[in-house]
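A look at the structure
Each chain, letter by letter, is given below.
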Amino acid sequence: MEAPRPFAREWCAQSLPLTRGSLLKLRVWELWLLLLDFGLNAELPHEEDVHFINEYVNVHNELRGNVLPRGSNLRFMTWDVALSRTARAWGKKCVFEHNNHLEELNMAHPKFNGIGENIWVGPENEFTASIAIRSWYEERKKYHFENDSCSSDCSNYKQLVWDTSYKVGCAVTSCTRVGRIKYAVIFICNYAPGGSLSRRPYKPGITCARCSKYDRCTDFLCSNADRDQSVYYRFWYPRWEVPRPIVCDPLCLFIFFLRMLCFSICIIVVLIIQSRFPNILLEEEMIFAPEVTEVEPEKLQEEDREKVEEVEEEEGDNKKEEGEEENGEEEGVEEESLDLPPS
């Protein structure tokens, strides 16, 4: 095989020069692709978006119904709004850590205690609920069902296929950075009742063989109409959520309307009294007027007397001073007359 000639490489390099115009076009195309990618992933689904809920609930039930070995008592999963709100509230912290309120009473759910949790973190442009949930399911390769052990962390898989869990709620949050990932999303799913690592996640056997007598087999899972009924907790939100949504519960509404009722009654009473007794204020003035007229002249007379007495005292003092001055002048004249020599 003939070796490549040196001039061929030089010719190829010279045949495609990067001028300023072509470089500018290249940068514009890169910017356009970035903006297009950002626009496609700018809006993440809300935790109560119906399509988003159906997506992750269906994926959960699909994977739970196809476990190996087959499960005989896995329950059918349905959506729970309180679990979704808890997932959203914790996701806003943008930390890849488990929620520390899951075991506290009424802190993660108004009904259940001991909530389970799975967390997925990744780039925003790579996120879908299906990708995140299936990544948890892939941990089954690390789990040995016979001896109930994991070669590495497989807690997400065990929670995903935990037999007694039948409520799920998920939320996705956009974060500037989570760990080393910039422009990341954190996807959290909460489960009730939550699982644990103390036993196998389910009992193997024929599909739906260990379901309750009140259950029916739906997609290889145990479903129950009463148990699977969705409850919308309208006024419940995690108390530790920051910022906390402003919600007025029934007690708050009762107090508000009670105050409005009392205020309205007061206004009506005032209007009725004014219409029945239009001169009530004038009558009050007439009642109190004589007392004022009787008291005021007495005060005026006393003040006049005091002023007259003060004036008389001042006049008396002035007369005394004038008399003393006159006496002093007379005495001075007499003394002068005595001192004169006889003529």
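Going by what an unreviewed UniProt entry lists, the protein is known as GLIPR1-like protein 2 and is assigned to Leptonychotes weddellii.

Next up on the list: the state of the cysteines. In the structure shown here, the tally under the stated rule is 5 disulfides. Put simply, cysteine 94 and cysteine 175 are joined by a disulfide, and their sulfur atoms are 2.0 Å apart. Measuring the twist about the S-S bond at about -85°, one finds the cysteine 94-cysteine 175 disulfide to be left-handed. Of the two residues, cysteine 94 is situated in the loop between α4 (81–91) and β2 (116–123) and cysteine 175 in strand β5 (residues 167–178); the sequence distance between them amounts to 81 residues. Overall, the relative accessible area of 22% leaves cysteine 94 in the partly exposed class. On the basis of relative accessible area, cysteine 175 is assigned to the buried category, the value being 4%. For cysteine 170, the disulfide goes to cysteine 189, at an S-S distance of 2.0 Å. Handedness of the cysteine 170-cysteine 189 disulfide follows from its S-S torsion of about 105°: it is right-handed. On the criterion of sequence distance, the pair formed by cysteine 170 in strand β5 and cysteine 189 in strand β6 (residues 181–192) is long-range, its members being 19 residues apart.

Turning our attention to the sheet that holds strand β1 (residues 78–79). The 4 strands are arranged β1-β5-β6-β2 in an open sheet whose pairing can be described as mixed. Edge positions in the sheet fall to β1 and β2, since each of these pairs with one other strand and no more. The pairing of β5 with β6 spans 11 bridges and is antiparallel. Residue alanine 171 lies in a different strand from β6, and its bridge partner there is isoleucine 188.

Grouped together as the largest cluster of nonpolar side chains are 37 residues, with contacts concentrated most on Tyr56, Phe127 and Phe187. Counting only elements with at least two residues in this core, the list comes to α3 (50–64), α4, α5 (129–137), α6 (155–160), β5 and β6. Broken down by element, this core gets its largest block of residues, 6 residues, from α3. Non-local contacts of tyrosine 56, meaning those with residues more than four positions away in its chain, are made with Glu47, Trp79, Ser84, Ala129, Ile133, Val168, Gly169 and Cys170. Grouped together as the second largest cluster of nonpolar side chains are 13 residues, Trp90, Ala171, Val178 and Ile188 included.

Together, Leu251, Phe254, Ile255, Leu258, Leu261, Ile265, Val269, Ile273, Phe277 and Ile280 make up a nonpolar patch on the protein surface, roughly 910 Å² of accessible area in all. Positionally, isoleucine 265 belongs in helix α7 (residues 250–276). The class for isoleucine 265 is partly exposed, based on a relative accessible area of 44%.

We now examine the packing of aromatic side chains. Where two aromatic rings form a pair, the distance of their centres and the angle of their planes describe that pair. Under the counting rule described, the total for this entry stands at 11 aromatic pairs. Aromatic pair phenylalanine 52 and tyrosine 56: ring centres 5.1 Å apart, planes at 75°, arrangement edge-to-face. Remark: tyrosine 56 and phenylalanine 52 occur in helix α3; sequence separation between them is 4 residues, near one turn of the helix. Per residue, the accessibility class of phenylalanine 52 equals that of tyrosine 56, and both read buried.

Right, let's get into the environment of asparagine 118. Mapped onto the fold, asparagine 118 is located in strand β2. Judged by its relative accessible area of 1%, asparagine 118 falls in the buried class. Once the C-alpha coordinates of asparagine 118 and cysteine 170 are considered, the two residues, 52 residues apart in sequence, prove to be 9.3 Å apart. Every residue in contact with asparagine 118, bar those within four places of it in the chain, is listed here: Trp136, Ser155, Asn156, Gln159, Leu160, Phe187, Ile188, Cys189 and Tyr191. Among the polar contacts listed, one links the side chain of asparagine 118 to the backbone oxygen of asparagine 156, at a separation of 3.0 Å.

What follows deals with the side chain of serine 223. Mapping serine 223 onto the fold places it in strand β8 (residues 221–223). On the basis of relative accessible area, serine 223 is assigned to the buried category, the value being 5%. Non-local contacts of serine 223, meaning those with residues more than four positions away in its chain, are made with Phe76, Asp215, Arg216, Thr218 and Asp228.

In this section: α5. Taken as a whole, α5 has its buried residues at Ala129, Ser130, Ala132, Ile133, Trp136 and Tyr137. Along α5, the residues classed as buried sweep out an arc of 165° about the axis, all on the same side.

Conventions we followed
- Residues numbered from 1 in each chain as written.
- Predicted model: local features only at pLDDT ≥ 70, side-chain atom pairs only at ≥ 80, totals over all residues.
- Heavy atoms only, no water.
- Disulfide = S-S within 2.5 Å.
- Helix = DSSP H or I, 4+ residues; strand = E, 2+ residues; numbered from the N terminus.
- Buried < 20%, exposed > 50% of the residue type's maximum accessible area, 1.4 Å probe, protein only.
- Pairing = 2+ DSSP bridges.
- Core = buried A, V, L, I, M, F, W, Y, C linked by side-chain atoms within 4.5 Å.
- Contact = heavy atoms within 4.5 Å.
- Patch = residues over 30% accessible without salt bridge, like charges linked within 9 Å, V, L, I, M, F, W, Y side chains within 5 Å.
- Areas by Shrake-Rupley, 256 points an atom, 1.4 Å probe, with all protein chains shown as cover.
- Salt bridge = Lys/Arg side-chain N within 4 Å of Asp/Glu carboxyl O.
- Phe/Tyr/Trp six-rings, centres within 6.5 Å; stacked < 30°, edge-to-face > 60°.
- Polar contact = N/O pair within 3.5 Å; in protein donor to acceptor, adjacent residues only side chain to side chain.
- Arc of directions from axis to C-beta.

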